[in-house]
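# What the coordinates show
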Amino acid sequence: MSATQINYRSLNEENTTVINIHELETSYEVEDTPRNSGVLVHTVPEKNKTRWNHIQDLDSFFTKMYQYHQKHGFSVILVDEIFQLFVFTFVIWLLVFTANCLNHDMLFGNVPPPNNHSRVAINDVIYPVDKCLESFGSMTYLILIISALYFFIRTVKFFYNITQYWDIKKFYNTALNIGDSDLDNITWYEVKKKVREVQAEQNMCIDKDHLTDLDIYHRILRFKNYMVALMNKNLLPARFNIPLFGEVVGLSRGLLFNIDLILFRSPGSPFQNNWQLRDDYNIRGNQVDLAKRLSKLILWVALANLIFSPLIFIWQIIYFSFTYANILKKEPGALGMRTWSNYGRLYLRHFNELDHELDARLNRAYEYADKYLSSFSSPLLAVFARNILFISGGLLVVVLALGIYNEFVFQIEHVVTLITVLSAIGLICRSLIPDDNLIWCPEQLMTAILAHVHYLPSSWKNKSHTTLVQKEFGYFFQFKANYVLYEIFSPLITPFLLLFVFRPKALEIVKFFRSFTVFVRGVGNVCSFAQMDVRKYGNPEWQLDNSVFNNNADDNNENQISCCPNNGKIELSLLRFTLTNPDWQMPSEAINFVNGIRENAIAELSKAKTKDFRLNALTESLISFGTMGDEYSSVARSLLERCNIRENNECFNEKVYDINHAQRQDHFEQMLQQNLGEKSQCNERMRSKSVKALNSSFGRNDMKKLRTSKLEGRLEGPSQSLLHSLYGPESLWEHSPSDLTIADMCLSTLYLHEIHNRKQKSEQPINAATIESTNKPSETVLTSNVGETTPLLTGT
């Protein structure tokens, strides 16, 4: 019997409680309870504090606890859930009312107004209730029956969720001592810290005395980590060919929902509950049988999608029409904006990364990504767009001028439709015409994007100006119009993707779950990659010392590379997790990896102080890091000047560094004046800044733009990081803003990618041309002083 099933009654002010044993004996088997006494005295740690020991489903509990924090408390969640039910009811009512309760002949003017009236009244258009009900057909009744069934299920789910969230509210208020009004002013890091204290006090998880940050993340992101690994292993149906259309890349929300249902939540899925893989997957030699079982499950789910695809398709059209109607009225160009695709979000996601952490990271890269793709244009399309824009603009001016002269023009049939179509054509054409004042710098923009998103193919380096890279990156960062159209038509595509793309991979998926699932005490079965074990699953090409893997076997090294994720997923995930969770006790291999990067960076910084030094991985990363914006530039300048690198090395002397830098800053200032209309201070000479001054200026304004609850890591920033190591043991960084967590991860990302690139080229001969290209000054990044906020429609 769990203690959460016992109802306690306060006895006095000394935190003692009384339980009637006779009542317990009637319904439960009580062990180790003295049957002769009438009461059981139990002491709780605090007054009015609910017991939370031995929670059976910690996955659901921690997930709802996280959602409760991010959704701003019980009141907001309750209102949102109610409105979801109301919106569904409203949509069904509006459809039935429009189809059956309106006199369409009268509405469209096909018949004259009744009683010789000059105008049609509202009562003339709307049928009475009895006549409206008489017009219901079999299709209408079928829609109402299905809608009523769905509404009943949603209502049951509503009451279940509200009950669960009420328990979470009590947990926050009593166990964590956090009120709903304080949720926006407390970080997720602080919530986790309090949860660990409650675990040590009340044993929410009975298998472990103490929970770690990684344990909590495993519970919340157990299935999401598997999805990230499946994406890295190319086992998801993200790329497929459609006849006459060619290759299509994307993951719709409906497809992701079905995959999640098949693999984790359906009765026949590989997982028998939220935390345990089925025992069949532990038996050798039954892979084929398991693959057949999974293939059959995919088949049934695909057939169900095929049967209901017409209804889901109609619902998608209605949903997106209602969602974007008002937005498009105020912002006609909203669909011409870009957003991160579902494919891109899953590809770029770290292991053990929560939703708000991913959103913040991608939002910071939004401006750079938008400028990068906007810098590409087709000269042929631009010629067509200019001429079509001229013609459509001329027609629009004539229609508007005639309407202004005589308003009767606007009453002519389809004139308003003509104005709308001409306006839309103008918006599309303007988006295809390049900006004459744009400075083209794709390599530097891609470097800034990489610093924030952390994962991009290494083959893209020095190829960002090519059409191939631009096309591939467009799959990550697509037009909102493409996203909406793909989501609308996804119900018609999803069944075939499940049948012909996902189902043939059933055996590979079975092998994946058997090979990359480990048991963690107190957590259950998790994806082995999510353990971030750099020794077992790290990629030697992304690490400084290969001896951590195997000392004498090249074939084993190849096997290691073949089973590990691509693009340094393990290594970068580990770095990010250590920065946002500084209290996490890392295993020895992780400590050696993180410390090795910092020690190598310190060594390269020391080498940079010598006069015979050439640019190394650290200084290259610092130069790239410094071109990302004023805040990042101030960090790079402060670090380089603090170590007197410019004065001691030819590569940073006045002739090579300052002159080229001044030229780049002049171009940057010109870009700002032409494109942003803002006065730039980028032409000022580089001057030394103390670390203390840097702390007071860097990131303070940016912090105010983000809710505290959405911050990554703790409010004070990381206690140990790459920047701390480079600056030395001084205590000048103790009160650094949390944005230094972001800055440190950006620099660490660039540094690790630079090490990887140099390691790949280590076997190639270095000639004079290579050295010259290495020392060649890079282009300037197009940046803006405007705050990096989530663009319109991005979060949909």
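Residues numbered from 1 in each chain as written. Predicted model: local features only at pLDDT ≥ 70, side-chain atom pairs only at ≥ 80, totals over all residues. Heavy atoms only, no water.

With an unreviewed UniProt entry as reference, the chain is termed Autophagy-related protein 9, source organism Glossina morsitans morsitans. In its Sequence similarities (unreviewed entry) section, the UniProt entry covering the chain states "Belongs to the ATG9 family." (UniProt positions renumbered as here; feature names shortened; annotations may be inferred.)

In terms of helices and strands, the chain carries 31 helices and 9 strands. Out of the 796 residues in the chain, the part that is buried amounts to 46%. Contacts in the chain between residues at least 24 apart in sequence constitute 74% of all its contacts with a sequence separation of at least 6. Surface summary for the chain: the accessible area is close to 41500 Å², and the carbon and sulfur share equals 56%. (Helix = DSSP H or I, 4+ residues; strand = E, 2+ residues; numbered from the N terminus. Buried < 20%, exposed > 50% of the residue type's maximum accessible area, 1.4 Å probe, protein only. Contact = heavy atoms within 4.5 Å. Areas by Shrake-Rupley, 256 points an atom, 1.4 Å probe, with all protein chains shown as cover.)

Ranked by size, the top nonpolar core spans 151 residues in total, and within it Met204, Trp340 and Phe473 carry the most contacts. Ranked by residues supplied to this core, first place goes to helix H9 (residues 213–232) with 12 residues. Setting aside residues up to four positions removed in sequence, Phe473 forms contacts with Trp340, Ala369, Tyr372, Leu373, Met446, Ile449, Leu456 and Trp460. Core analysis: the second largest hydrophobic core is formed by 10 residues, Ile92, Leu102, Val125 and Phe136 among them. (Core = buried A, V, L, I, M, F, W, Y, C linked by side-chain atoms within 4.5 Å.)

Summing up the model confidence of the chain, the mean pLDDT is 77 and the portion of residues at 70 or higher is 75%. Confidence over residues 549–561 falls short of pLDDT 50; this stretch has 18 contacts with residues more than four positions distant or in other chains. (pLDDT = per-residue confidence, 0-100.)

Further remarks concern the pairing of strand E9 (residues 524–527). Inspection of the sheet shows strand E8 (residues 517–520) paired to E9 by 4 bridges, in the antiparallel sense. Counted as the bridge partner of Val518 is Val526 from E9. The hairpin turn running from E8 into E9, its antiparallel successor, is 3 residues long, and Gly522 in that turn takes a positive phi close to 85°. (Pairing = 2+ DSSP bridges.)

This paragraph deals with the state of the cysteines. Here the structure, examined in full by the defined rule, presents 1 disulfide. The residue that forms a disulfide with Cys101 is Cys132, at a sulfur-sulfur distance of 1.6 Å. Note that Cys101 is positioned in the loop between helix H3 (74–100) and helix H4 (104–107) and Cys132 in helix H6 (residues 129–134), a separation of 31 residues in sequence. (Disulfide = S-S within 2.5 Å.)

Enumeration according to the criterion identifies 4 cavities of 30 Å³ or more in this entry. The computed volume of the largest cavity comes to approximately 100 Å³. As for the largest cavity, its lining consists of Arg361, Arg364, His452, His454, Arg576, Leu579, Thr580, Glu712, Thr741, Ile742, Met745 and Cys746. Among the secondary structure elements, those contributing two or more residues to the lining of the largest cavity are helix H13 (355–374), helix H21 (569–580) and helix H30 (739–760). Examining the composition of the lining of the largest cavity, we find that 4 residues originate from one element, H30, more than from any other. Of the residues that constitute the lining of the largest cavity, the class distribution is 4 nonpolar, 4 polar and 4 charged. Approximately 70 Å³ is the volume attributed to the second largest cavity. (1 Å grid on protein atoms, 1.4 Å probe; cavity = no way out; pocket = protein on both sides within 12 Å on 5 of 7 lines; lining within 4 Å. Points joined across faces, edges and corners; volume = space filled by probe spheres on them. Nonpolar A, V, L, I, M, F, W, Y, C, P; charged D, E, K, R; others polar.)

Once that is clear, we can look at the side chain of Thr741. Considering the arrangement of structural elements, one finds Thr741 in helix H30. Taking relative accessible area as the criterion, Thr741 reaches 5% and is therefore assigned buried. If near-sequence neighbours (up to four positions away) are discounted, Thr741 is found in contact with Leu579, Thr580, Glu712, Gly717 and Pro718.

As a further point, take unusual backbone geometry. A positive phi is found at His72, a non-glycine position, where the angle reads about 75°. Its location among the elements puts His72 in the loop between helix H2 (58–70) and H3. A residue is classified by how much of its surface remains accessible, and His72, at 27% relative accessible area, is partly exposed. Positive phi values are uncommon outside glycine, yet Asn234 reaches one of about 60°. Of note, Asn234 is situated in the loop between H9 and strand E4 (239–242). We classify Asn234 as exposed; its relative accessible area is 56%.

On to the pattern of salt bridges. Throughout the structure, instances matching the rule amount to 22 salt bridges. Note that Arg576 and Glu357 form a salt bridge whose closest N and O atoms lie 3.2 Å from each other. Of the two residues, Arg576 sits in helix H21 while Glu357 sits in helix H13, which places them 219 residues apart along the sequence. For the pair formed by Arg576 and Glu357, the shared burial category is buried. (Salt bridge = Lys/Arg side-chain N within 4 Å of Asp/Glu carboxyl O.)

A few words now on the environment of Val129. Tracing the sequence through the fold places Val129 in helix H6. Owing to a relative accessible area of 64%, Val129 belongs among the exposed residues under this scheme. Sequence separation of Val129 and Cys101 is 28 residues, and the distance between their C-alpha atoms is 7.9 Å.

At 3.6 residues per turn, the α-helix brings residues three or four places apart onto the same side. Between its first and last C-alpha, helix H14 (residues 379–405) extends 39 Å over 27 residues, near the 39 Å set by a 1.5 Å rise per residue. Every buried residue belonging to H14 is among Ala382, Ala385, Ser392, Leu396, Val399 and Gly403, and all of these are buried. On the buried face of H14, the contacting elements are helix H15 (415–432). (Expected span 1.5 Å × (residues − 1).)

This paragraph deals with helix H8 (residues 188–202). Between its terminal C-alpha atoms H8 stretches 21 Å, which fits the 21 Å expected from 15 residues at 1.5 Å a residue. The elements touched by buried residues of H8 are H2, helix H7 (138–175), H9, H13 and H21. Looking one or two residues past H8, Asn203 carries a phi angle of roughly 60°, positive in sign.

Their axes nearest at 8 Å, the elements H13 and helix H16 (residues 442–453) cross at an angle of 165°. Between H13 and H16, the angle is such that the two are roughly antiparallel. Handedness of the crossing formed by H13 with H16: left-handed. Two secondary-structure elements touch here, H13 through Arg361, Leu362, Arg364, Ala365, Tyr368, Ala369, Lys371 and Tyr372 and H16 through Pro442, Leu445, Met446, Ala448, Ile449, His452 and Val453. (Axes fitted to C-alpha atoms, helices over the stretch in contact; angles between N-to-C directions. Parallel < 35°, antiparallel > 145°, perpendicular 65-115°, else oblique. Left-handed = near helix turned anticlockwise from the far one by under 90°.)

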